[in-house]
Amino acid sequence: CVAWCPACIQQGKPCHEEWCHLLKTAIEDYKHEKSLGHQVTKYEPTSEKKYKSLPASIEILFEKEVAKLVSNKLPGYQESELRYLTFLYSCPLTVLYGGEQAGLADGQAIETATSLTIHLVGARIAEVRHLIGWEMIALRLPKLKNLNIVFIGDEVINGDFPQVFTLKSNQAQTDRPDLQVQYTFEPPCLYQDYVESPSYLPPDIVAALDCGFKWYPTWDKCIPKLMPRTGVPLVFTEFNLQDTKDNLAKVEKLVKNVEVVVPARRNPFCSRRPVRCSDQTGNYTKNSVIFSNDYICVVRTKE
């Protein structure tokens, strides 16, 4: 918070009421992280034997699991760890949620798929931070045998990972021995170039997370390629509602016959961990906070 003189206190009140409690939460999360570390890194998703759609929100999905892993004796720590778990799993759960809402090409419901290829376009460290978390998509789809996650973008960082590899957690190896989860890190390139490359794999779902369509002209040639055939859903997220609406307007301008499956709105599977906005461009409110994948829109092309 900022100290204001009595004559100016009303000037700062709106920002104080909107942001200061979230900034306080961000400080508390940082203190817990540095002093206690994270207990929820031990969390292992359950392999569902029968398909169940996602619950109404990401908190509902994780509340009971966090209660098992984290003591509530230290005030605020359990809640902080819940927020951290939503931060780790927001990306895969957002993509799964988009797939559940839109279905796949040819009207196929996602829960009936035996193979699934997901393109993560404009991939950054956020999508790679908790790589093993992407298998949660497969663990919630009992009929799935092959999950292919492809990272594409001009800023792709694969670190020490090979370009193509398979990876499963120990629990997934035990529960789903017939499941293959493959990760592919395409060499840094623009998506429209990847589409023309020999390594191109046709997607079942395309996702552009915290995308910034409206801010970067380089998306203009890419966006028409993001929906390669009728019915393939495009899931995109953004940090605020107006930018999400503007991104949708840009998609509708560049692509014909767009059907909006999920209109621009708050994402029930966004991260609940507030992060202080470090933007220096003036695109966001000064001293505000952001949440990963805060707002969502899902579209596809129709006949």
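Above this text is the structure in question.
The following paragraphs examine the structure supplied in this document.

Scoring rules and cut-offs
Positions within a chain are numbered from 1, following the residues in the order the chain's sequence is written. Reporting in this predicted model follows two pLDDT cut-offs: at least 70 for local features of residues, and 80 or more for side-chain atom pairs to be given and counted; totals over whole chains, interfaces and linings ignore these cut-offs and use all residues. Calculation of side-chain values draws on the structure's entire complement of heavy atoms; hydrogens and water are dropped beforehand. Numbered from the N terminus, helices here are DSSP runs of H or I no shorter than four residues, and strands are runs of E no shorter than two. Three labels apply to residues, based on accessible area from a 1.4 Å probe with only protein chains included: buried if under 20% of the type maximum, exposed if over 50%, partly exposed otherwise in between. In this analysis, two residues are considered to be in contact whenever any of their non-hydrogen atoms come within 4.5 Å of each other. Residue exposure ignores everything except the shown protein chains as possible cover, and the areas themselves are Shrake-Rupley values with a 1.4 Å probe. Working convention for charge: Lys and Arg count positive, Asp and Glu count negative, and His plus the chain ends are omitted. One atom stands in for each charge, and that atom is NZ of Lys, CZ of Arg, CG of Asp or CD of Glu. Definition of a polar contact: a pair of N or O atoms within 3.5 Å, with one able to donate and the other able to accept a hydrogen when the atoms are protein atoms, and with sequence-neighbouring residues admitted only if both atoms are side-chain atoms. Expected span of a helix: the number of residues minus one, times 1.5 Å. By definition, the arc is the one covered by directions from the helix axis to the C-beta atoms. By definition, two strands form a pair when at least two bridges between them are found by DSSP. An axis is simply a line fitted to the C-alpha atoms; with a helix, the fit covers only the stretch in contact. Between two such axes, the angle follows the N-to-C directions and lies from 0 to 180 degrees.

### Observations concerning the overall build of the protein chain
- Regarding its fold elements, the protein chain presents eight helices and 10 strands.
- With respect to the three principal axes, the spread of C-alpha positions in the protein chain is 65 × 45 × 35 Å.
- Per-residue burial over the protein chain gives 51% buried out of 303 residues.
- A separation threshold of at least 6 residues defines the contact pool for the protein chain, and within that pool the share at least 24 residues apart is 79%.
- Per element, the accessible surface of the protein chain, about 15,100 Å² overall, is 52% carbon and sulfur.
- When the 35 basic and 36 acidic side-chain charges of the protein chain are each reduced to a single mean position, those positions are 4 Å apart.

### Details of the side chain of Ser-57
- Along the chain, Ser-57 turns up in the loop between helix H1 (9-36) and helix H2 (58-69).
- When its relative accessible area of 13% is taken as the criterion, Ser-57 is described as buried.
- Side chain to side chain, Ser-57 and Glu-59 meet in a polar contact 3.2 Å long.
- Excluding its chain neighbours within four sequence positions, the residues that come into contact with Ser-57 are Pro-268, Phe-269 and Arg-272.

### Comments concerning the side chain of Asp-204
- As for its position among the elements, Asp-204 is in the loop between helix H7 (191-195) and strand S5 (205-208).
- A polar contact is formed between the side chain of Asp-204 and the backbone nitrogen of Thr-117, at a distance of 2.8 Å.
- Setting aside anything within four residues of it in sequence, one finds Asp-204 in contact with Leu-104, Ser-115, Leu-116, Thr-117, Arg-229, Val-232 and Pro-233.

### Considerations on helix H8 (residues 241-254)
- Counted at 1.5 Å a residue, the expected span for H8 with its 14 residues is 20 Å, and the 20 Å between its end C-alpha atoms agrees.
- For H8, every residue scored as buried is listed here: Asp-243, Thr-244, Asn-247, Leu-248, Lys-250 and Val-251. Taken around the axis of H8, the buried residues stretch over an arc of 160°, which confines them to a single face.
- For H8, the elements touching its buried residues are strand S6 (234-238), strand S7 (258-266) and strand S10 (295-301).
- Residue Asn-240 occupies the N-cap position of H8, its side-chain oxygen lying 3.4 Å from the main-chain nitrogen of Gln-242.

### What about the environment of Val-298?
- Mapped onto the elements of the fold, Val-298 is located in strand S10.
- Through-space distance from the C-alpha of Val-298 to that of Val-95 is 9.7 Å; in sequence the pair is 203 residues apart.
- Each residue touching Val-298, except ones within four places of it in the same chain, is listed here: Gly-98, Ala-102, Pro-233, Leu-234, Val-235, Glu-259, Val-260, Val-261 and Val-262.

### Examining the sheet that holds strand S1 (residues 115-121)
- Pairing is mixed in the open sheet, where eight strands are placed in the order S3-S4-S2-S1-S5-S6-S10-S7. Because the sheet does not close on itself, it has two edges, and the strands there are strand S3 (164-166) and S7. Shown here is a sheet whose adjacent strand axes are inclined to one another by a mean of 15°, direction ignored.
- Judged from the seven bridges that link them, S1 and strand S2 (residues 146-152) form a sheet pairing that is parallel. Considered in S2, the bridge of Leu-116 is made with Leu-147.
- Lying over the sheet, helix H3 (residues 77-102) contacts S1, S5, S6, S7 and S10, oriented at roughly 45° with respect to S10.
- Sitting on the sheet, H8 is in contact with S6, S7 and S10, with an inclination near 170° to S7.

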